[in-house]
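Each chain, written out:
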Amino acid sequence: AAEHLTAPPDGATRPLVSAAGGWIYHAYRHYRGPSTIRRMRLDGSDAQTLSRHWDPQGMTLDEKTGTLYFAALRPHAIDYALYDLYSFDVDGKRPWRRKRLTRGARVRDPDLRPGADGELVCVVNGLGQNDLALWSARDGLRRITANQDYIQYGEPRWSPDGEWIAVSAWLPGGYRDIL
């Protein structure tokens, strides 16, 4: 039987279980204001709010450094909001002190490459298309595909050895496949 670890009325989504630390990280959607990123022990105890953001998603954790990476909405200009990449130290003195890694990049679904220091694969949206991209502190954001056929990528994930990427994609004809 399933056991409730979080309580209503709002929604807990996007769980991420740390491999070594015994924590579950998750977004907690507040329908009356900004969502939060929280963590709790595997049994639901010791719940903590770490950061506030609009619609945080795609969380991925670097277990070696204690850095949590994620995408979240941020107001851009006067009329719209875009997803950008963020990070923060989950065990630092002030984990809510997040660092914005991109500016208006329309980026989502980050995943940390195993064995690489802070290299992420993610989806970048723009001009009715989207592409896969890599982000690193050294190189910034760089596209690794040049999509011209309206394939819509989502949720890229690194293989355990960090050599290849699996990705969900809407293909022409209306099918969603794993590439």
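Here, every reference points to the structure presented above.
Here we summarise the structure given alongside this text. These figures come from a predicted structure and were not determined experimentally.

Spatially, β8-β9-β10-β11 is the arrangement adopted by the four strands of the open sheet, whose pairing is antiparallel. The open sheet is flanked by β8 (107-112) and β11 (140-143), the only strands paired with a single partner. Averaged over all neighbouring strand pairs, the angle between strand axes comes to 30°, with direction disregarded. The pairing of strand β9 (residues 120-126) with strand β10 (residues 129-136) spans seven bridges and is classified as antiparallel.

Another point: the pairing of strand β3 (residues 35-41). Extensive coverage of β3 is indicated by the burial of five of its seven residues. Alignment of strand β2 (residues 23-29) against β3, held across six bridges, turns out to be antiparallel. Counterpart to Ala27 in the pairing with β3 is Ile37. Taking the residues between adjacent antiparallel strands as the criterion, β2 and β3 are bridged by five residues. Strand direction decides the pairing type here: β3 and strand β4 (residues 48-62), joined by five bridges, are antiparallel. Each bridged residue has a counterpart across the sheet, and for Arg38 the counterpart in β4 is Thr49. The antiparallel hairpin formed by β3 and β4 contains six residues in its connecting segment, where Gly44 sits at a positive phi of about 95°.

A few words now on the sheet that holds β3. Ordered by their spatial adjacency, seven strands build an open sheet running β1-β2-β3-β4-β5-β6-β7, and the pairing between neighbours is antiparallel. On the outer flanks of this sheet lie β1 (11-17) and β7 (99-100), each paired with one strand and no other. Alignment of β4 against strand β5 (residues 67-76), held across five bridges, turns out to be antiparallel. If you follow Trp54 over to β5, its bridge partner there is Leu73.

Criteria and thresholds
- Numbering of residues begins from 1 in every chain and follows the order in which that chain's sequence is written.
- In keeping with the predicted nature of the model, local features appear solely for residues at pLDDT of at least 70, side-chain atom pairs appear and are counted solely at 80 or more, and the whole-chain, interface and lining totals rest on all residues.
- Side-chain metrics rest on all non-hydrogen atoms present in the structure, leaving aside hydrogens and water.
- We treat two strands as partners when DSSP finds at least two bridges between them.
- Numbering of helices and strands runs from the N terminus, with a helix taken as a DSSP run of H or I at least four residues long and a strand as a DSSP run of E at least two residues long.
- In this analysis, axes come from line fits to C-alpha atoms, helices being fitted only over the stretch in contact, and the angle between any two N-to-C directions falls in the range 0 to 180 degrees.
- Buried means the residue's accessible area, taken with a 1.4 Å probe over protein chains only, is under 20% of the maximum for its type, while exposed means over 50%, and partly exposed covers the values in between.

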